[in-house]
Amino acid sequence: MPDGNGPHHDVYALFSKSLPPCLSLGTQGSDGSGPRIFPLSEPAVSASPFFFDQNGANMAYYVEQAVLALGVKIVFAEVEDFDNSTDSPEWEAQREERLAKLIDCWTGKDLHADPMLEGFHILHDHAHVRRKHNVPAPVTLIKLLVKRGDAPYINKVVDIYNTLSMETRLALGAHDLDHVEGDVTLRVTDGSELYVPLGEYLPVPVAAGEYSYCDDSNEVLCRLEVRQVNKTATTPRTTRAFFIVQGNEATPDSYVVDAAQRLVEEITRYAGGSGRVVMPQTK
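Source: prediction; values computed, not measured.

### Considering the side chain of E225
Stage number 1. Tracing the sequence through the fold places E225 in the loop between strand 7 (220–223) and strand 8 (227–228).
Stage number 2. One buried charged residue, E225, forms no salt bridge at all, with the nearest opposite charge on R223 at 8.4 Å.
Stage number 3. Within the structure, the side chain of E225 is placed 2.3 Å from the side chain of H124, a separation counted as a polar contact.
Stage number 4. When residues no more than four places from it in sequence are discounted, the contact partners of E225 are F120, L123, H124, P136, A137, A171, Y211 and Q246.

Spelled out as structure tokens, the structure:
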């Protein structure tokens, strides 16, 4: 990944001044670049230590240089032995408080004015993907939250990362490790990939030249940061998963790494298990 030290520091300084108070902290990321994330809750305490690695416990993670050149920032995480089948009263209390603050923060706001959220649209421009039908996941989540006054609840793990996605304005996703074939690569598609979107039953054609997360069976696990698939969707029976933490040109590297760290901390705190942050290898 690029070092994140560039003109976006000025963007961050300007954006920090314009943030609603509940999204503004005054402290910075671990390398001093930009506003510190996670202002909406107390720091989570990990149930188990995590560590950084270039290999997951189960597979390797790769990213093509061509995808990085578009402006994608990507870090992975793995968490194993978690319980996604039971409720967590502690999480439910956190959820209610954090969603209320997010609603207050984003109501009446222009999401295109946020450089992190707009950065995903700019990624799509670089990949020649139409904006209208390819809304980035964090934008979709925030719009639904403001419109409905609540976030859709699928299961505990999904709920945790969706909340964190809205807070950080990054694209997060989880994939059941028991259904991944081989290694995972974030790569440019060539149109030959198998893609069965979440909620669909038949394959959908994949355009060449987009970026997608694929396993070694040449199946798309997530198209852009827009749509996941049935194959690796997490359910209450899921006990181990890999997670995508994706940013763009407006997100310094340390910001994305910090989010991956916090994701591991929150999953293990509210669902148990142990995890790691994984830095992908470049192809």
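### What about the layout of surface pockets?
Stage number 1. The calculated volume of the largest pocket comes to roughly 580 Å³.
Stage number 2. If you trace the largest pocket, you find 29 residues lining it, with Y161, N162, L198, V226 and Q228 closest to the centre.
Stage number 3. Among the elements of the structure, helix 5 (137–148), helix 6 (156–168), strand 4 (171–176), strand 8 and strand 9 (240–247) are those that each provide at least two residues to the lining of the largest pocket.
Stage number 4. Per-class residue counts for the lining of the largest pocket are 20 nonpolar, seven polar and two charged.

### Things to note about the sheet that holds strand 6 (residues 211–215)
Stage number 1. Spatial strand order, 8-7-6-5-2-11: six strands in an open sheet with mixed pairing. Edge positions in the sheet fall to strand 8 and strand 11 (281–282), since each has one partner strand and no second.
Stage number 2. Bridging between strand 2 (residues 61–63) and strand 5 (residues 184–188) involves three bridges; their strand directions are parallel. Across the sheet, the residue bridging to Y62 is T185, located in strand 5.

### Here's the deal with the packing of aromatic side chains
The description of an aromatic ring pair rests on the distance of the ring centres and on the angle between the ring planes.
Stage number 1. For the structure on display, the rule yields six aromatic pairs.
Stage number 2. Each residue in the set Y61, F76, Y213 and F242 is aromatic and connected to the rest through ring pairs, giving one cluster.
Stage number 3. In this structure, K283 packs its charged tip against the face of Y62, placed 4.6 Å from the ring centre.

### Quick word on helix 3 (residues 89–106)
Stage number 1. Taking 1.5 Å per residue as the helical rise, helix 3 with its 18 residues ought to reach 26 Å, and the 26 Å between its terminal C-alpha atoms agrees with that figure.
Stage number 2. Buried within helix 3 we find W91, Q94, R95, R98, L99, L102, C105 and W106. Mapping the buried residues of helix 3 onto a view down its axis gives an arc of 125°, with all of them on the same face. Opposite the buried face of helix 3, by more than 90 degrees, sit the exposed residues P89, E96 and D104.
Stage number 3. Those residues of helix 3 hidden inside the fold are in contact with helix 4 (115–126), helix 5, helix 6 and helix 7 (253–271).
Stage number 4. Once helix 3 ends, the next one or two residues include G108, with phi positive near 80°.

### Brief notes about the pattern of salt bridges
Stage number 1. On inspection of all chains with the given rule, the structure shows 21 salt bridges.
Stage number 2. The salt bridge involving K73 is made with D253; its shortest N-O contact spans 3.3 Å. With a gap of 180 residues between them, K73 in strand 3 (residues 73–80) and D253 in helix 7 connect regions that are remote in the sequence.
Stage number 3. A relative accessible area of 6% places K73 in the buried class.
Stage number 4. D253 sits in the buried class, given a relative accessible area of 13%.
Stage number 5. We note a salt bridge from E78 to R276, for which the minimum N-O separation is 3.2 Å. Of this pair, E78 sits in strand 3 while R276 sits in strand 10 (residues 274–278), and the two are 198 residues apart along the sequence.
Stage number 6. Overlapping salt bridges bring together E78, E80, D178, R240 and R276 as one network.

### What about the nonpolar core?
Note on soluble globular proteins: their nonpolar side chains tend to be buried together.
Stage number 1. Y161, F243, V245, L263 and I267 are the most contacted members of the largest nonpolar core, which has 28 residues in total.
Stage number 2. Going through the elements one at a time, strand 3, helix 6, strand 4, strand 9 and helix 7 are the ones with two or more residues in this core.
Stage number 3. The biggest single contributor to this core is helix 7, with ten residues.
Stage number 4. Those residues in contact with I267 that lie beyond four places of it in its chain are V79, F82, V157, I160, F243 and G272.
Stage number 5. The next biggest cluster of nonpolar side chains, apart from the first, holds 26 residues, and it includes M59, L70, F120 and C222.

### Some remarks on the packing of helix 3 against helix 6
Stage number 1. The geometry of helix 3 relative to helix 6 is characterised by a closest axis approach of 11 Å and an angle of 30° between their N-to-C directions. On the basis of the axis angle, helix 3 is roughly parallel to helix 6. Every pair of crossing elements has a handedness; the one defined by helix 3 and helix 6 is left-handed. Along its contact with helix 3, which presents W91, R95, R98, L99, L102 and W106, the element helix 6 presents D159, I160, T163, L164, M166 and E167.

### Looking at helix 4
Stage number 1. In this model, helix 4 (twelve residues) spans 16 Å end to end at C-alpha, consistent with the 16 Å of a helix rising 1.5 Å per residue.
Stage number 2. Across the twelve residues that make up helix 4, a large majority, nine, are buried.
Stage number 3. Along helix 4, the positions that sit buried rather than exposed are P115, M116, L117, E118, G119, F120, H121, L123 and H124.
Stage number 4. Immediately beyond the C-terminal end of helix 4, within one or two residues, lies H128, with a positive phi of roughly 60°.

Rules used in this analysis
- Residues numbered from 1 in each chain as written.
- Predicted model: local features only at pLDDT ≥ 70, side-chain atom pairs only at ≥ 80, totals over all residues.
- Heavy atoms only, no water.
- Helix = DSSP H or I, 4+ residues; strand = E, 2+ residues; numbered from the N terminus.
- Buried < 20%, exposed > 50% of the residue type's maximum accessible area, 1.4 Å probe, protein only.
- Lys, Arg positive; Asp, Glu negative; His and termini not counted.
- Salt bridge = Lys/Arg side-chain N within 4 Å of Asp/Glu carboxyl O.
- Polar contact = N/O pair within 3.5 Å; in protein donor to acceptor, adjacent residues only side chain to side chain.
- Contact = heavy atoms within 4.5 Å.
- 1 Å grid on protein atoms, 1.4 Å probe; cavity = no way out; pocket = protein on both sides within 12 Å on 5 of 7 lines; lining within 4 Å.
- Points joined across faces, edges and corners; volume = space filled by probe spheres on them.
- Nonpolar A, V, L, I, M, F, W, Y, C, P; charged D, E, K, R; others polar.
- Pairing = 2+ DSSP bridges.
- Phe/Tyr/Trp six-rings, centres within 6.5 Å; stacked < 30°, edge-to-face > 60°.
- Lys NZ or Arg CZ within 6 Å of the ring centre and 35° of its normal.
- Expected span 1.5 Å × (residues − 1).
- Arc of directions from axis to C-beta.
- Core = buried A, V, L, I, M, F, W, Y, C linked by side-chain atoms within 4.5 Å.
- Axes fitted to C-alpha atoms, helices over the stretch in contact; angles between N-to-C directions.
- Parallel < 35°, antiparallel > 145°, perpendicular 65-115°, else oblique.
- Left-handed = near helix turned anticlockwise from the far one by under 90°.

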